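# A look at the structure
The lines below spell out each chain.
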There are 2 protein chains.
Amino acid sequence: MKIVIVGLGLIGGSYASGLSQKGHEVYGIDKDVETLEYAKKKGYIKISDETEAELLSTAELIILAIYPQAILEFLNKNKMYFTKHQIITDVCGVKSSFINKATLLSSPAVYLSHHPMAGKEKIGIAFADSSIFAGANFLITPLEHTPIEAIKTLDRIARDLNFGRITLISPKRHDEMIGFTSQLTHAIAVSLVNSDKDKETIHFIGDSYRDLTRIAMINENLWSELFLENKDALLAHIENFETELNILKKALNDNDKEQLNELFKNSTHIRKKMEKCAN
Amino acid sequence: MKIVIVGLGLIGGSYASGLSQKGHEVYGIDKDVETLEYAKKKGYIKISDETEAELLSTAELIILAIYPQAILEFLNKNKMYFTKHQIITDVCGVKSSFINKATLLSSPAVYLSHHPMAGKEKIGIAFADSSIFAGANFLITPLEHTPIEAIKTLDRIARDLNFGRITLISPKRHDEMIGFTSQLTHAIAVSLVNSDKDKETIHFIGDSYRDLTRIAMINENLWSELFLENKDALLAHIENFETELNILKKALNDNDKEQLNELFKNSTHIRKKMEKCAN
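Source: prediction; values computed, not measured.

Reading the values: rules and limits
- Residues numbered from 1 in each chain as written.
- Chains lettered and ligands numbered in written order.
- Predicted model: local features only at pLDDT ≥ 70, side-chain atom pairs only at ≥ 80, totals over all residues.
- Heavy atoms only, no water.
- Helix = DSSP H or I, 4+ residues; strand = E, 2+ residues; numbered from the N terminus.
- Buried < 20%, exposed > 50% of the residue type's maximum accessible area, 1.4 Å probe, protein only.
- Areas by Shrake-Rupley, 256 points an atom, 1.4 Å probe, with all protein chains shown as cover.
- Lys, Arg positive; Asp, Glu negative; His and termini not counted.
- Charge placed at Lys NZ, Arg CZ, Asp CG, Glu CD.
- Pairing = 2+ DSSP bridges.
- Right-handed = clockwise from strand over helix to strand, strands pointing away.
- Salt bridge = Lys/Arg side-chain N within 4 Å of Asp/Glu carboxyl O.
- Contact = heavy atoms within 4.5 Å.
- Buried area = accessible area lost by both parts, 1.4 Å probe.
- Polar contact = N/O pair within 3.5 Å; in protein donor to acceptor, adjacent residues only side chain to side chain.
- Nonpolar A, V, L, I, M, F, W, Y, C, P; charged D, E, K, R; others polar.
- Phe/Tyr/Trp six-rings, centres within 6.5 Å; stacked < 30°, edge-to-face > 60°.
- Least-squares fit on C-alpha atoms with pLDDT ≥ 70 in both.
- Axes fitted to C-alpha atoms, helices over the stretch in contact; angles between N-to-C directions.
- Left-handed = near helix turned anticlockwise from the far one by under 90°.
- 1 Å grid on protein atoms, 1.4 Å probe; cavity = no way out; pocket = protein on both sides within 12 Å on 5 of 7 lines; lining within 4 Å.
- Points joined across faces, edges and corners; volume = space filled by probe spheres on them.

Moving on, we come to the overall build of chain A. A tally of helices and strands in chain A yields eleven helices and eight strands. The burial tally for chain A puts 57% of its 279 residues in the buried class. When the accessible surface of chain A is totalled, it reaches about 12,200 Å², and 49% of it is carbon and sulfur. Of the side chains in chain A, 33 bear a positive and 37 a negative charge, and the two mean positions are spaced by 4 Å.

Put into structure tokens, the structure is as follows:
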């Protein structure tokens with residue numbers, strides 16, 4: 001398949017690497033000349049005589065691996081190049097805020113969004129590594145009239161990159177779920193680390209603190225966009241979490257050992273089921 | 001050194017295994033006959049003709065690897081056996097609540113507490129594995145009059161088990177720090193998992209959710225004791241964490257991208273320093 005990847009960062013670069021290895025004809029577009037040179041040198045993308053306009057108008061699949069707010073700008077700037085049999089997708093962690101506009105701007109091409117649930121606490125193509133996708137969740141967010149062919153194309157991309165479970169989900173439900181499993185976890189890790197006012201903490205940490213706070217190392221520009229574009233869902237999840245934390249605080253204040261035991265048994269039960277399915 | 005380990009669970013069993021490998025003469029005491037047989041069969045402890053009373057009165061070092069509330073009970077029941085040149089220690093995750101009473105009951109032996117910052121989300125000797133201590137933090141909590149020889153003995157045990165950094169700290173400061181790095185993290189993970197009311201979450205999790213919630217699988221009897229015995233420090237840390245979470249919530253509510261960026265930059269900065277030192 002002729003694929004153009006727009007934005008060769010950690011995720012775009014990893015896609016380019018993995019899809020090239022699978023024999024796809026992969027081209028790249030990036031504002032940064034050095035990044036393009038690096039991707040060519042590494043064999044992640046092909047060298048081409050075509051202009052960006054030519055690449056965009058002849059690609060079968062265009063993958064936008066850029067920040068949420070850059071997507072509409074890119075589509076608007078290049079909408080004259082899109083054609084009927086093309087599919088355009090993105091890898092963003094939020095969907096509802098831009099997906100309808102993106103669909104309109106992409107026409108007559110089909111816009112079908114997806115979300116690869118994998119990553120690293122690193123930025124840039126130097127850390128590109130397609131093995132991060134192995135076994136990870138891959139979410140496709142079709143709209144009501146999305147043609148089945150577009151879904152099949154993304155399904156093939158997911159398989160070629162060795163993703164694990166592939167799930168179809170509406171953009172709204174996607175954002176609700178991601179607000180919980182991804183954004184709330186980052187909000188918690190950031191707040192936990194920022195609440196540390198002690199200079200000697202490093203002497204007293206075990207694996208639990210390290211594991212829980214790893215994602216507090218965060219790409220601030222990307223994540224502030226993701227948080228704000230999914231603000232309502234995230235705030236609701238934070239409040240549910242606070243409610244649970246208050247139950248635990250009350251049990252502590254009341255010296256209620258039985259209630260603490262119940263809370264711990266419940267969390268163990270819920271989390272164990274995920275361990276089994278996840279591995 | 002002649003060592004008696006009381007309580008051959010995950011930690012006691014792992015100590016027995018590691019210290020036997022280093023050539024110490026290790027004996028075990030446990031309520032469960034099968035556990036004792038297993039430990040002997042595996043070579044974690046020696047077979048002995050001595051009674052428990054004889055073992056306790058001739059040991060150079062007694063390691064109590066039992067729950068906090070069982071420690072005083074054990075010391076009280078066996079106080080007639082302790083002698084002047086013995087050291088008694090425990091592996092508990094909290095200290096202040098029992099350490100003065102333990103010191104009195106152990107006399108004329110020296111009571112010196114410590115905390116191995118390592119573990120597994122598993123219970124029992126079947127999961128014993130002394131490699132979990134490699135490179136981990138080892139905290140020793142002396143009192144004002146603790147003799148230097150006792151500290152040297154625990155220091156040797158820590159080295160023999162391949163712990164990393166060995167830190168001396170007062171029991172009170174220990175409990176404050178552990179309330180943050182260990183208990184708060186467990187309280188957060190438990191509350192996060194318990195706030196999940198959705199049956200389909202498993203389809204939408206990535207590594208961040210898995211890493212952050214692993215410790216929500218928790219030994220409820222042990223941890224409810226640990227939480228309640230360090231309740232004041234833990235509640236104070238929960239409140240500091242809630243304050244930080246509220247700052248983040250306010251930034252979201254105000255659409256304050258700049259403030260979010262600041263929070264993320266700050267957490268990244270703090271956490272990165274721990275990454276470097278920790279590995």
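Still more to cover.
Once that is clear, we can look at the pairing of strand E3 (residues 61–64) of chain B. Residue and element names in this part refer to chain B. The two faces of E3 match: Leu61 and Ile63 on one face and Ile62 and Leu64 on the other face are all buried. Relative to E3, strand E1 (residues 2–6) is paired through four bridges, and the arrangement is parallel. Considered in E3, the bridge of Val4 is made with Ile62. Read as a crossover between parallel neighbours, the route from E3 over helix H4 (residues 68–78) to strand E4 (residues 87–90) is right-handed.

The subject of this paragraph is the environment of Ser182 of chain B. Residue position: Ser182 of chain B is located in helix H7 (residues 171–194). A sequence separation of 89 residues divides Ser182 of chain B from Gly93 of chain B, and the C-alpha atoms of the two residues are 8.7 Å apart.

Moving on: unusual backbone geometry. Trans peptide bonds make up most of the peptide bonds, and negative phi angles are found at most residues other than glycine. For the peptide bond that leads from Ser107 of chain A to Pro108 of chain A, omega is 10°, which places it in the cis range. Structurally, the position occupied by Pro108 of chain A is in the loop between helix H5 (96–106) and strand E5 (110–111). For Asn162 of chain B, which is not a glycine, the phi torsion comes out positive at approximately 65°. Looking at the secondary structure, you find Asn162 of chain B in the loop between helix H6 (148–160) and strand E8 (166–168). Given a relative accessible area of 46%, Asn162 of chain B falls into the partly exposed group. Backbone geometry at Asn255 of chain B places phi at a positive 50°, although glycine is not the residue there. Structurally, Asn255 of chain B can be placed in the loop between helix H10 (231–253) and helix H11 (257–278).

This paragraph deals with the pattern of salt bridges. All names here are of chain A. Within this structure, the stated rule accounts for 28 salt bridges over all chains. We note a salt bridge from Arg214 to Asp211, for which the minimum N-O separation is 3.2 Å. By relative accessible area, which is 22% here, Asp211 ends up partly exposed.

Our focus in this paragraph is the interface of chain A and chain B. By a widespread convention, an interface's size corresponds to the accessible area lost as its parts come together. Each partner contributes residues to the interface: chain A has 85 residues there, and chain B has 85 residues. In this assembly, chain A packs against chain B so that about 8,400 Å² is buried in total across both faces, 67% of it on carbon and sulfur atoms. Three residues stand out in chain A for area buried against chain B, namely Phe204, Phe264 and Arg271 of chain A, and they jointly supply 9% of the buried area on that side. Linking chain A with chain B are ten salt bridges. Here Glu242 of chain A and Lys249 of chain B are joined by a salt bridge, their closest N and O atoms 2.8 Å apart. For the pair chain A and chain B, the number of links is 41 residue pairs in polar contact (both at pLDDT 80 or more). Broken down by element, the side of chain A that touches chain B gets its largest block of residues, 17 residues, from helix H7 (residues 171–194) of chain A. Split into classes, the residues belonging to the side of chain A that touches chain B amount to 40 nonpolar, 24 polar and 21 charged.

Assignment of secondary structure puts Thr185 of chain A in helix H7. We classify Thr185 of chain A as buried; its relative accessible area is 0%. In this structure the side chain of Thr185 of chain A is engaged in a polar contact, spanning 2.6 Å, whose partner is the backbone oxygen of Ser182 of chain A. Contacts of Thr185 of chain A, omitting those with residues within four sequence positions, involve Phe180 and Ile215 of chain A together with Leu192, Ser208, Tyr209 and Leu212 of chain B.

Now for the packing of aromatic side chains. All names here are of chain A. In total, this model carries 15 aromatic pairs over all chains according to the counting rule given. Between Phe133 and Phe163, the ring centres sit 5.0 Å apart and the planes meet at 25°, which makes this aromatic pair stacked. Note that Phe133 is positioned in the loop between strand E6 (113–116) and strand E7 (138–141) and Phe163 in the loop between helix H6 (148–160) and strand E8 (166–168), a separation of 30 residues in sequence. Across the pair, exposure class does not vary: Phe133 and Phe163 are buried alike. Ring geometry for Phe138 against Phe163: centres 4.8 Å apart, planes inclined by 65°, an arrangement best described as edge-to-face. Pair noted here: Phe138 is in strand E7 and Phe163 is in the loop between H6 and E8, with a separation of 25 residues, a long-range link. When its relative accessible area of 0% is taken as the criterion, Phe138 is described as buried. For Phe163, a relative accessible area of 7% gives the class buried. By way of ring pairs, the aromatic residues Tyr15, Phe133, Phe138 and Phe163 are connected into one cluster.

Turning next to the relation of the copies chain A and chain B. The transform that puts chain A on chain B rotates by 180° and translates by 0.0 Å along the axis, for an RMSD of 0.1 Å. In symmetry terms, the pair is related by a two-fold rotation axis. Measuring from the rotation axis to each C-alpha of chain A, the shortest distance belongs to Leu212 of chain A, at 2.1 Å.

With that settled, the discussion passes to the sheet that holds strand E2 (residues 25–29) of chain B. Residues and elements named next belong to chain B. Spatially, five strands are ordered E2-E1-E3-E4-E5 in an open sheet, and the strand pairing comes out parallel. Looking at strand neighbours, the two that pair on one side only are E2 and strand E5 (110–111), the edges of this open sheet. As paired elements, E3 and E4 share four bridges and run parallel to each other. Bridging across to E4, Ile63 finds its partner in Thr89. Sheet strands in contact with H4 are E1, E3, E4 and E5, and its direction is about 140° off that of E3.

All names here are of chain A. At a minimum axis distance of 8 Å, the contact between H7 and helix H10 (residues 231–253) shows a crossing angle of 65°. The hand of the H7/H10 crossing is right-handed. Contacts from Asp175, Glu176, Gly179, Phe180, Gln183, Leu184, Ala187 and Ile188 of H7 reach H10 at Ala233, Leu234, His237, Ile238 and Phe241. For the contact of H7 with H10, the residue count by class is eight nonpolar, three polar and two charged.

A word on the layout of surface pockets. By volume, the second largest pocket amounts to about 1,200 Å³. What lines the second largest pocket is a set of 43 residues, and nearest its centre among them are Leu10, Gly119, Lys120, Leu222 and Trp223 of chain A. Elements with a contribution of two residues or more to the lining of the second largest pocket: helix H1 (10–21), E6, H7 and helix H9 (220–229) of chain A together with helix H8 (207–213) and H11 of chain B.

Next up on the list: the pairing of strand E4 (residues 87–90) of chain A. All names here are of chain A. Where burial is concerned, the two faces of E4 agree: the one with Ile87 and Thr89 and the one with Ile88 and Asp90 are both buried. For E4 and E5, the ladder comprises two bridges, and the chain directions are parallel. Its bridge partner being in E5, Ile87 is matched across the sheet by Val110.

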